[in-house]
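Now for the letters of each chain:
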Amino acid sequence: MSDFQHEIQRRRTFAIISHPDAGKTTLTEKLLLYGGALQQAGSVRAKKNQRSTTSDWMDLERERGISVSSTVLQFEYEGFCINLLDTPGHRDFSEDTYRVLTAVDSVIMVIDAGKGIEERTRKLFEICRMRGIPIFTFMNKMDRPALNPLELLDELERVLGIGAFPVTWPLGDGPDFKGVYDRLEKTLHLYANQGKGASRAADHVTGADDPRISAQLHPSIHQEWLEQIELLSLAGEAFDDEKVRVGELTPVFFGSAINNFGVQLLLNYFVRHGMPPMPRKSSQGLIEPTRPDFSGFVFKIQANMDPNHRDSLSFIRICSGVFSKDMTVPNPRGGNKPIRLSYPQRLFGQERESVETAYPGDIVGLVSHGAFRIGDTLTQIPDLHYHEIPRFPPEVFSYLHNNTPSKFKQFRDGLEQLLNEGVIQVFYLHNSQQKTALLGAVGQLQFEVVKHRLETEYAADVRLEVTPFTEVRWLEPDTDVEQFKGAYMGSNVRIAFDTDHVPVLLFPDQWSVDYFAEKNPNVPLSKFSTLQ
Ligand code: G4P
């Protein structure tokens, strides 16, 4: 294997998805601990109500006094080079969160074992499912009363529709949590409360039928548990690496992130079974990561990181070839002048460090001064485009009014720029006289960001107004919208167009979506724009 192939094979680029409070930040911290990127982990809890627009990792940065970019952490573990991408959560949940999932090769899904699958996890899971990437599950907080583990597995199948293969199996929960059994290695790892897990957990390993366990538990409980393990191997999902690789089967781990328990088992398994960078779909078919020509795409733009300069950092996921500092690529926005990829930055370390070379799977940040847009392909391969970034269905809507007619230009230009950056989606209502934009977002905070940036950066004067809409469905691009009238539409349903002039329908609730579908069975409705 060449050095180049070796660099690709040892890369693991992933994100952690979870519902707020399930333990994503805690797990991130413990993974960094094992990766040697943190010497000593403590509790990284910032008061949740003080969290404003910052991501979890910015809190981490402040609390630990280390420089962690809020976008990607790179560290080495047992010969593997790990890129962990942040999926902003909490209040700053936005399309960015979804887009990050287009840049990773696998995900770790953290579930609070006391609560089961929660809303946010389900939504993020759907994006992973769409991409068919491997999903590893960590059932967290086993030191607290948990749902029955069989019920948790069943929920994965029922709610998410994914098969589950428990790699580890818990013995007890809450105050009775004794440890986890590694079903592949056939060893029982005994749980010891680590006092919030300030350092790596000591690992005490024994056999499943160790008589000391029976002494601590009621022997009949131990016996029942042994039978459960036996039953799992007979009746449970069979282990199938191939199904894991295409996202049809999720390996499941149980543990307690805060106590650092079960985390190393997860990490060891993950680096061995997680995916290295895979071929990516493009306008020219699948592009192998080993292809020598450089290619990558922009999945995130962080604008105005320094409020004194209108700078923006574009984050590129490298898909093939070797990236090197100062290389030039054709301008993805057209024109004859190539773009020099200068000032590339790696985003973990005491300081932002300049990157000389990066490989498929890596993320580099480029100071771009507005040169790039989300979804742009940067490559030396002529006419190649990656179609990785779909438009995600907005879930919240707001009208945006221009308050001062003399400032219409500021309003229009500012909004256009924010649209290009992918900060927000905009729709225009059919047959509307109003000079009003209808904004669509996946999180409320996106609206506040738009208003704030229009006012501070573009000196516009705007106002947000609530709308009755909660659902949008795309129609086929050439649909004649005049056919939808009266009773067959349902009340409060409006026709609008997205910025590509593709027609959409806006609904006040799911009920009206169903009503419309029932009345118009021949009109295909899509949750995503069919133009990509
Ligand atoms: P998030 O990023 O997914 O939102 O979750 P985060 O790691 O911030 O964890 C949410 C809460 O759950 C935190 O409590 C954290 O300490 C706790 N937690 C995480 N993992 C475990 C675990 O394995 N067991 C138990 N019992 N708790 C866990 P908090 O009250 O917000 O903060 P703190 O007061 O504990 O610091």
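An unreviewed UniProt entry lists the chain under the name Peptide chain release factor 3, with Oligosphaera ethanolica given as the organism. According to its UniProt record, the chain has this under Subcellular location (unreviewed entry): "Cytoplasm". The annotation that UniProt attaches to the chain under Sequence similarities (unreviewed entry) is "Belongs to the TRAFAC class translation factor GTPase superfamily. Classic translation factor GTPase family. PrfC subfamily."

Now for the nonpolar core. Counting residues in hydrophobic clusters, the biggest one holds 92 residues, and the most contacted among them are A15, L101, V104, V107, I108, M139 and I316. Apart from the residues within four sequence positions on either side, I108 is in contact with F14, I16, F136, F138 and F270. Formed by 30 residues, the second largest nonpolar core is a distinct cluster that contains L418, V423, I424 and F469.

What follows is about the sheet that holds strand β3 (residues 80-85). Read from one edge to the other, the open sheet built from 7 strands follows the order β2-β3-β1-β4-β5-β11-β6, with strand pairing classed as mixed. In this open sheet, the two edge strands, each paired with only one partner strand, are β2 (72-77) and β6 (163-166). Within this sheet the neighbouring strands show an average axis-to-axis angle of 30°, counted without direction. Two elements, strand β4 (residues 106-112) and strand β5 (residues 135-140), share 6 bridges in a ladder whose sense is parallel.

So, about the environment of V159. Position of V159 relative to the elements: it lies in helix α6 (residues 149-160). On the basis of neighbour count, V159 is assigned to the partly exposed category, with 14 C-beta atoms found within 10 Å. Sequence separation between V159 and R122 is 37 residues, and the spatial gap between their C-alpha atoms is 8.1 Å.

What follows deals with unusual backbone geometry. In this structure, D21 takes a positive phi of about 85° despite not being glycine. Along the polypeptide, D21 turns up in the loop between β1 (11-18) and α2 (24-34). In this structure, K186 takes a positive phi of about 60° despite not being glycine. With respect to the secondary-structure elements, K186 resides in the loop between β8 (179-182) and β9 (187-190).

Overall, antiparallel pairing links the 7 strands, which are arranged β27-β24-β26-β25-β29-β30-β28 in an open sheet. Edge positions in the open sheet fall to β27 (462-466) and β28 (471-474), since each of these has one partner strand only. On average, adjacent strands in this sheet sit at an angle of 40° to one another, irrespective of strand direction. Taken together, the 4 bridges between strand β29 (residues 494-497) and strand β30 (residues 503-507) define a ladder with antiparallel strand orientation. Bridge pairing links A496 to V504 in β30.

Right, let's talk about the packing of helix α11 (residues 408-421) against helix α12 (residues 445-458) for a bit. At a minimum axis separation of 10 Å, α11 and α12 run at an interaxial angle of 125°. With respect to their mutual orientation, α11 and α12 come out oblique. The two elements α11 and α12 cross, and the hand of that crossing is right-handed. When α11 is examined against α12, the residues Q410, F411, D413, G414, L415 and L418 are found in contact with a partner set consisting of V450, R453, L454, E457 and Y458. The residue makeup of the contact of α11 with α12, split by class, is 6 nonpolar, 2 polar and 3 charged.

Detailed reading of the predicted model is not advised wherever pLDDT is low. On average, residues of the chain score 84 in pLDDT, and 85% of them are at 70 or above. Put simply, helix α3 (residues 56-64) is where the chain has its lowest mean pLDDT, 44, and β5 is where it has its highest, 98. Throughout residues 40-70 the model reports pLDDT below 50, and contacts reaching past four residues in sequence, or to other chains, amount to 51 contacts. The complex prediction reports pTM at 0.84, with the ipTM value standing at 0.98.

Bringing α6 into the picture now. In this model, α6 (12 residues) spans 16 Å end to end at C-alpha, consistent with the 16 Å of a helix rising 1.5 Å per residue. Here α6 has its buried residues at P149, L152, L153, L156 and L160. Seen along its axis, α6 keeps its buried residues to an arc of 100°; they face one direction. Along α6, the residues that are exposed and aim more than 90 degrees away from the buried face are E151 and R158. Just past α6, the residue G161 takes up positive phi, approximately 70°.

Let's shift gears to α12. Look at α12: 19 Å from first C-alpha to last across 14 residues, which is about the 20 Å you get at 1.5 Å a residue. Three or more residues of α12 are buried, namely Q446, V450, R453, L454 and Y458. Along the long axis of α12, the arc covered by the buried residues comes to 100°, so they all point the same way. Exposed positions of α12 whose direction lies more than 90 degrees from the buried face are H452 and T456. Close packing links the buried residues of α12 with β24 (396-402), α11, β26 (437-441) and β27. Where α12 terminates, the next one or two residues include A459, which has phi positive at roughly 55°.

Within the fold, T102 resides in the loop between α4 (95-100) and β4. The class of T102 is buried, set by 22 C-beta atoms lying within 10 Å. Spatially, the C-alpha atoms of T102 and M130 are 9.9 Å apart, while their sequence positions differ by 28 residues. With near-sequence residues (within four places) excluded, T102 lies in contact with R131, F299, E388 and I389.

Below, the discussion takes up the pairing of β9. A regular strand carries its side chains on alternate faces of the sheet. For β8 and β9, the ladder comprises 4 bridges, and the chain directions are antiparallel. If you follow V180 over to β9, its bridge partner there is H189. Hairpin connection, β8 to β9: the antiparallel pair is bridged by 4 residues, and K186 has positive phi, about 60°. In the sheet, β9 pairs with strand β10 (residues 204-206) via 3 bridges, with the strands oriented antiparallel. The residue of β10 that forms the bridge with H189 is V205.

Two elements in contact, α2 and helix α10 (residues 263-273), have axes separated by 10 Å at closest approach and are oriented at 70°. In terms of axis orientation, α2 runs roughly perpendicular to α10. In this structure, α2 meets α10 at a crossing whose hand is right-handed. On the side of α2, the interface is formed by L27, K30, L31 and Y34, while α10 contributes V263, Q264 and L267.

About the cut-offs
- Within each chain, residue numbers correspond to sequence positions counted from 1 in written order.
- Totals for whole chains, interfaces and linings use every residue, but because this is a predicted model, local features are given only for residues with pLDDT of at least 70 and side-chain atom pairs only at 80 or more, for both listing and counting.
- UniProt positions are given in the numbering used here, feature names are shortened, and annotations may be inferred rather than shown by experiment.
- Only buried Ala, Val, Leu, Ile, Met, Phe, Trp, Tyr and Cys residues enter a nonpolar core, and they are joined through C-beta atoms within 7 Å.
- For every residue, the other C-beta atoms within 10 Å of its own C-beta are counted; 20 or more classify it as buried, 12 or fewer as exposed, and values in between as partly exposed. C-beta atoms are placed from the backbone.
- In this description, a residue-residue contact is defined by the distance between C-beta atoms placed from the backbone, which must lie within 7 Å.
- Strand pairing is defined by DSSP finding a minimum of two bridges between the two strands.
- Secondary structure is summarised from DSSP: a helix means a run of H or I of at least four residues, a strand means a run of E of at least two, and numbering begins at the N terminus for each.
- Every angle, taken between N-to-C directions, lies between 0 and 180 degrees, and every axis is a line fitted to C-alpha atoms, over only the stretch in contact when it is a helix.
- Roughly parallel here means an angle under 35 degrees, roughly antiparallel means over 145, roughly perpendicular means 65 to 115, and every remaining angle is called oblique.
- Handedness of a crossing is defined here by the sense of rotation of the near helix relative to the far one, left-handed for an anticlockwise turn of less than a right angle and right-handed for a clockwise turn.
- Residues are grouped as follows: Ala, Val, Leu, Ile, Met, Phe, Trp, Tyr, Cys and Pro are nonpolar; Asp, Glu, Lys and Arg are charged; every other residue, Gly included, is polar.
- Scored from 0 to 100, pLDDT records how confident the predictor is in each individual residue.
- Residue count minus one, scaled by 1.5 Å, sets the expected span of a helix.
- Note: the arc covers the axis-to-C-beta directions of the helix.

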